[in-house]
Amino acid sequence: MKNILNLILTAVAAWAICLITPWWGIMIAALAISFLIPLKKGAAFLIPFLAVFLLWGIQAYLLSSGNDLTMAKKIATLFSLNENAYLLMGITALIGGLAAAFSGLLGKQLRTAFTA
Amino acid sequence: MLAVNAALFYGLNTRFGSTPALGKFLSPNQGIWQNETSDVEANTLQLEGLSAPVTVHYDDYLIPHVFAANKTDLYKAQGYITAQHRLWQMEFQTMASAGRLSEIFGEAALEYDRRQRRKGMGFGAENALKTMASDTETMGYLEAYKEGVNAYIATLDEASLPVEYKMLGYAPEPWTLKKTALLLMYMTDMLAGRDSDFEYTNALSLFGKERFNMLFPDYFDRVDPVIPSEREWDDWLVSIPEAPADSLHLDQLAATIERPHPDNGSNNWAVGPQKSVSGNPILANDPHLGLNLPSIWYVMQLATPEQNTFGATLPGAVGIVIGFNEDIAWGVTNATRDVRDWYKISFKDDTKKEYRYGDTWKPTTLREEYIEVRNGETFIDSVYYTHYGPVTYDETFKGNRGAQGYAMKWTGHLGGNNQRTLLELNAARNYDEYAAALKHFLAPAQNFVFASKTGDIALWIQGKFPNKWKGQGKFLLDGSNPDHEWQGYIPQKHNAHIKNPERGFVSSANQHPTDQTYPYYVFNDGYDTYRSRVINNFFRSKEKFDVADFKSLHNNNYNLMAAELLPVMLDSMDTETLTADEMELFNEVRAWDHYNDIDKAAPSIFETWKDILKDMLWDEFENEDLALDKPFNYQTVYMLTHYPNDPFMDITATEETETAKDLFLKSFKQAATTLISWKERNGNYQWGDYKATYVGHLLQDLPAFSRFKLPIGGNSGIVNATSEDHGPSWRMIVELGETPKALGIYPGGQSGNPGSKHYDDMIDKWAAGEYIELDFMPFGAAPKAMMTTQTLNSK
């Protein structure tokens, strides 16, 4: 239950915070939510990861699919991904996910430090 | 864990080498995903300072039709709209012009930047601004344009920045009037920044005067000039300076600065009413430039209640550069005149504070160029200015010895008011207003073709031309000898021109401006000898012409050089020595009709053969210690056909003494090897695939943002002058009837954003030789279906 709550709140907070911050708003979101709702073991990493992985993946898809992936294909070429826009979406999601995951771990660690 | 997070943040928010900051670059909220957009939105945008709202209708190809209450509003809107679609390119070109690329790319661009500075690009731009300062009307429009650009820049945030800024990790700076002047300098350099003075001087010392003149004659034996030969000049009172006794100054340089590409050129032509099927004058233009994305041109309709003009603009310059209005149409080709000379400077000592001039010493001025280098120290380049111009070459830059340098004298530094010419042309209604508009235009000298609704056609070769003694500036000049100075300029009214010639058409294709009867000295600085003859012969071939004829001439792939050279090559070949494979190629090229069409293999054979032949013939010009230019194609053909046993035919590296006949065979065999191995790798060698024309992104043809292997025929020297990376950068045809009817196309698209469908949506049509109709809307006309409307409003 906490996992799902953390997942949803991290994604929503990441989206909302990024309306006013640069990309690293996702790190603040994951940190804050994992501080408020600390998760156990693997989940502490996996859940924030998944939250932003999905957020960024879906956002990237929505932004590009309406434009026939024109830019996505070109950036995929730039990164030697053989014009594969979906791979680029995957990499985008992965980067966002990893940044969030580590911020989530930090959030949990801070919580532990504060409550200890 | 804090450290891991800090590292992660730093890692994703920082550029490493040429890799963008990945977090920033790929994030959906501010990265490249935000550039994934094709359309302009129908909306109202704020543009402060407008006196009334400006309406902009965008058509299917994102061509803006702009309607403003007055010219100040119009040009302010032009700045805003152009920036909206082309901001990165606009700024990048001015930075390239100014020699500021090291700020973006670091040390790798330093050599390029030094070259730009040492050519005096900034100096020329500043001089142009000084001239323009006294022209308050033009300055007002430049200001308005600037405010428009800056108003757009002010709307940008990290998310909406053009993608190139995101990739390279920098941000736009405010637009200035100097940037407009720098853009005009960029064009001047591209079109009038080519000379061969050092190369010719070296060739002269190497081969002697007689041989030099044979290879580089002032006039070729067959010239079909811009101004037809029937034009007479007798009624002019002309004074030509005398050549001083010691006019030659021999000196040698091993390497010279990179020069603009020789394929920069253009075609234009117009027919008058008596030569037009409809009775309406028709005009066409196609400037041949480097094929780049974003395109050098941006097409607009710019209208006020008083003037309504349509055509190609240069992002960064105000008004339309090549276009038409309700009354007239105009276009340009490069006049290819020698307006840049070099003076040897003898400094008094290593301080370079003074230089010899006659019996005295003249002081230099030092201009310290601060070149900011990304991730490096600012490089300070000391450029010494003489009264001629900047000392480009000295011992710090490609020069030889300490107390010596070479100064550039260039009309590009004189400070013209080209912007005024363009703005007056936009508003011109007849021949007199056209001719008056040209007077402000100094460089790059252009052949301005003209047609009016009332039936006039004309062509002026306009620029500021030094009045040279015969031979002046062909070779290096002596800066210490006052007799070597430019002795004045050709009076503007004596610039070669013609109005309503008897033949009923005017044309230019970078060939000789006039025949030898023109009283002023004009020397051959790489004039065209093939396109011009094909074009003029076309217009002599029948009575009347229509728009379809114009289209077909734009796309004409006839290779006149091949038609004149190939029969000689074929006739002299000993076919017994050819292998079966070679024989196949031989038969293929023998059966050829001399058209460089994409589906033919023969053009690939001929072009490869000719290139190798040229290298073999002019092997004497391969010299590591001397900068040299090989003779032009026309003279190459002339030598091969008229002097087949000339000593130049000999390949110096071989024992035996070759003649033209030997060269034909040897070069053919070598070409065959090249082609056969190409075929093994690629399956065929049809001309389209073999030439493989591409349109490259301004960032060194970055593959992701470029278009490759375009199926288009032609080549340099052909009317369809599309080589691998140069060609018709804008094709326009205008018929001046009751309302103008116009066609246009260019190898690019209106949007500079690689994420837009309008980034390259004209390329395929361009390659196929098709056009789009330029929809000339009456002022204030209601938008058609499919159009998107933006309103620019000051509140």
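Keep in mind that what you see is a predicted model, and the values were worked out from it rather than measured.

Conventions used here
Residues numbered from 1 in each chain as written. Chains lettered and ligands numbered in written order. Predicted model: local features only at pLDDT ≥ 70, side-chain atom pairs only at ≥ 80, totals over all residues. Heavy atoms only, no water. Helix = DSSP H or I, 4+ residues; strand = E, 2+ residues; numbered from the N terminus. Buried < 20%, exposed > 50% of the residue type's maximum accessible area, 1.4 Å probe, protein only. Contact = heavy atoms within 4.5 Å. Areas by Shrake-Rupley, 256 points an atom, 1.4 Å probe, with all protein chains shown as cover. Buried area = accessible area lost by both parts, 1.4 Å probe. Salt bridge = Lys/Arg side-chain N within 4 Å of Asp/Glu carboxyl O. 1 Å grid on protein atoms, 1.4 Å probe; cavity = no way out; pocket = protein on both sides within 12 Å on 5 of 7 lines; lining within 4 Å. Points joined across faces, edges and corners; volume = space filled by probe spheres on them. Nonpolar A, V, L, I, M, F, W, Y, C, P; charged D, E, K, R; others polar. Patch = residues over 30% accessible without salt bridge, like charges linked within 9 Å, V, L, I, M, F, W, Y side chains within 5 Å. Pairing = 2+ DSSP bridges. Domains from an automatic or database assignment. Axes fitted to C-alpha atoms, helices over the stretch in contact; angles between N-to-C directions. Phe/Tyr/Trp six-rings, centres within 6.5 Å; stacked < 30°, edge-to-face > 60°. Lys NZ or Arg CZ within 6 Å of the ring centre and 35° of its normal.

### A look at the overall build of chain A
Moving on, step 1. When its secondary structure is counted, chain A shows five helices and zero strands.
Moving on, step 2. When the elements of chain A are put in sequence order from the N terminus, they spell out α-α-α-α-α.
Moving on, step 3. Across the 116 residues of chain A, 47% fall into the buried class.
Moving on, step 4. Restricting the contact set of chain A to residue pairs at least 6 apart, pairs at least 24 apart contribute 72%.
Moving on, step 5. Within the structure as shown, chain A displays about 5700 Å² of accessible surface, and the carbon and sulfur contribution to it stands at 74%.

### Considerations on the interface of chain B and chain A
The accessible area lost on association of the parts is a frequent measure of interface size.
Moving on, step 1. With 36 residues of chain B at the contact, the number on the chain A side is 36 residues.
Moving on, step 2. Of the roughly 2900 Å² buried between chain B and chain A, counting both surfaces, carbon and sulfur atoms make up 74%.
Moving on, step 3. When residues of chain B are sorted by the area they lose upon contact with chain A, M1, W33 and E36 of chain B head the list and together hold 23% of the total.
Moving on, step 4. Counting across the interface, chain B meets chain A through one salt bridge.
Moving on, step 5. A salt bridge links D68 of chain A to K757 of chain B; its shortest N-O distance comes to 3.3 Å.
Moving on, step 6. Secondary structure elements with two or more residues in the side of chain B that touches chain A: helix 1 (2-13), helix 2 (22-26) and helix 8 (163-168) of chain B.

### Let's talk about empty space enclosed by the protein
Residue and element names in this part refer to chain B.
Moving on, step 1. Summed over the entire model, instances satisfying the criterion amount to seven cavities of 30 Å³ or more.
Moving on, step 2. Taken as a whole, the largest cavity spans an internal volume of roughly 240 Å³.
Moving on, step 3. Taken together, 18 residues line the largest cavity, and the ones lying closest to its centre are M187, L191, V321, V332 and Q446.
Moving on, step 4. At the level of elements, helix 9 (177-192), strand 4 (265-271), strand 5 (282-290), strand 10 (328-334), helix 12 (418-427) and strand 18 (446-452) are the ones that each hand at least two residues to the lining of the largest cavity.
Moving on, step 5. Ranked by residue count, the leading element in the lining of the largest cavity is helix 9, at three residues.
Moving on, step 6. Looking at the lining of the largest cavity residue by residue, the classes come out as 13 nonpolar, five polar and no charged.
Moving on, step 7. Roughly 120 Å³ of internal volume is contained in the second largest cavity.
Moving on, step 8. As for the second largest cavity, its lining consists of 13 residues, and the residues nearest its centre are A128, T188, G416, N418 and A443.
Moving on, step 9. Those elements giving two or more residues to the lining of the second largest cavity turn out to be helix 6 (121-133) and helix 9.
Moving on, step 10. Counting residues per element, the lining of the second largest cavity draws most heavily on helix 9, which supplies four residues.
Moving on, step 11. When its residues are assigned to classes, the lining of the second largest cavity shows six nonpolar, seven polar and no charged.

### Observations concerning a nonpolar patch on the surface
All names here are of chain A.
Moving on, step 1. Nonpolar side chains collect at one region of the surface, where L50, L54, I58, Y61, L62 and Y86 lie side by side and expose about 610 Å² of accessible area between them.
Moving on, step 2. Per-element tally for the nonpolar patch: the top contributor is helix 3 (residues 41-65), with five residues.
Moving on, step 3. Here Y86 shows up in helix 5 (residues 85-115).

### Focus on the pairing of strand 17 (residues 404-410) of chain B
Residue and element names in this part refer to chain B.
Moving on, step 1. With seven of seven residues buried, strand 17 is to be regarded as a mostly interior element.
Moving on, step 2. Here strand 17 shows a buried face lined by Q404, Y406, M408 and W410 and a second buried face lined by G405, A407 and K409.
Moving on, step 3. The pairing of strand 11 (residues 340-346) with strand 17 spans seven bridges and is classified as antiparallel. Bridging from a neighbouring strand, I345 pairs with G405 of strand 17.
Moving on, step 4. Here two bridges tie strand 16 (residues 391-393) to strand 17, and the two strands are oriented antiparallel to one another. Of the residues in strand 17, the one forming a bridge with Y393 is Y406.

### Structural notes on the domain arrangement of chain B
Moving on, step 1. Annotation of chain B at the domain level lists domain 1 (1-30), domain 2 (38-190 + 781-793) and domain 3 (560-594 + 601-685).
Moving on, step 2. Summarising the inter-unit geometry, the C-alpha centres of domain 2 of chain B and domain 3 of chain B are found 47 Å apart.

### Thoughts on the sheet that holds strand 23 (residues 693-697) of chain B
Residues and elements named next belong to chain B.
Moving on, step 1. The strand order 6-23-24 describes an open sheet built from three strands, whose pairing is mixed. The sheet is open, and its two borders are formed by strand 6 (292-293) and strand 24 (707-710), each paired with just one other strand.
Moving on, step 2. Here strand 23 pairs with strand 24 via two bridges, running antiparallel. Bridge pairing in strand 24 places T693 opposite L710.

### Focus: the sheet that holds strand 7 (residues 298-303) of chain B
Hydrogen bonds between backbone groups are what pair the strands of a sheet, and the pairing can be parallel or antiparallel.
Residue and element names in this part refer to chain B.
Moving on, step 1. Here we have 11 strands laid out as an open sheet, ordered 1-29-2-3-7-8-9-10-18-19-21, and mixed in their pairing. Single-partner strands in this sheet number two, and they are strand 1 (43-46) and strand 21 (497-499). The mean inter-strand angle of the sheet, taken between neighbouring strand axes irrespective of direction, is 20°.
Moving on, step 2. Judged from the six bridges that link them, strand 7 and strand 8 (residues 308-313) form a sheet pairing that is antiparallel. Within strand 8, the residue paired with V299 across the bridge is A312.
Moving on, step 3. Here helix 13 (residues 431-438) sits on the sheet and contacts strand 18, strand 19 (457-462) and strand 21; the angle it forms with strand 19, its principal contact strand, is near 10°.

### Concerning the packing of aromatic side chains
Two aromatic rings are characterised by how far apart their centres lie and by the angle between their planes.
Moving on, step 1. This model, assessed by the stated rule, comprises 62 aromatic pairs over all chains.
Moving on, step 2. Between W24 of chain A and F9 of chain B, the ring centres sit 6.2 Å apart and the planes meet at 75°, which makes this aromatic pair edge-to-face. You can see W24 of chain A sitting in the loop between helix 1 (2-17) and helix 2 (25-36) and its partner F9 of chain B sitting in helix 1, one on each of two chains.
Moving on, step 3. With a relative accessible area of 31%, F9 of chain B lands in the partly exposed category.
Moving on, step 4. Aromatic side chains F220 of chain B and Y634 of chain B sit 5.0 Å apart centroid to centroid with 50° between the ring planes, which places their arrangement in the tilted category. Residue F220 of chain B is found in the loop between helix 11 (209-215) and strand 4, and its partner Y634 of chain B is found in helix 19 (residues 633-642); the two are separated by 414 residues along the sequence.
Moving on, step 5. Residue classification places F220 of chain B among the buried residues on the basis of a relative accessible area of 5%.
Moving on, step 6. If you follow R340 of chain B out to its NZ or CZ, it ends over the ring of W410 of chain B, 5.7 Å from the centre.
Moving on, step 7. Note that K362 of chain B overlies the ring of Y357 of chain B, its terminal NZ or CZ placed 5.1 Å from the centroid.

### Some remarks on the side chain of S276 of chain B
Residues and elements named next belong to chain B.
Moving on, step 1. Note on placement: S276 falls in the loop between strand 4 and strand 5.
Moving on, step 2. Take S276: its relative accessible area is 1%, and that puts it in the buried class.
Moving on, step 3. Setting aside chain neighbours within four positions, we find S276 in contact with V271, I282, K544 and F545.

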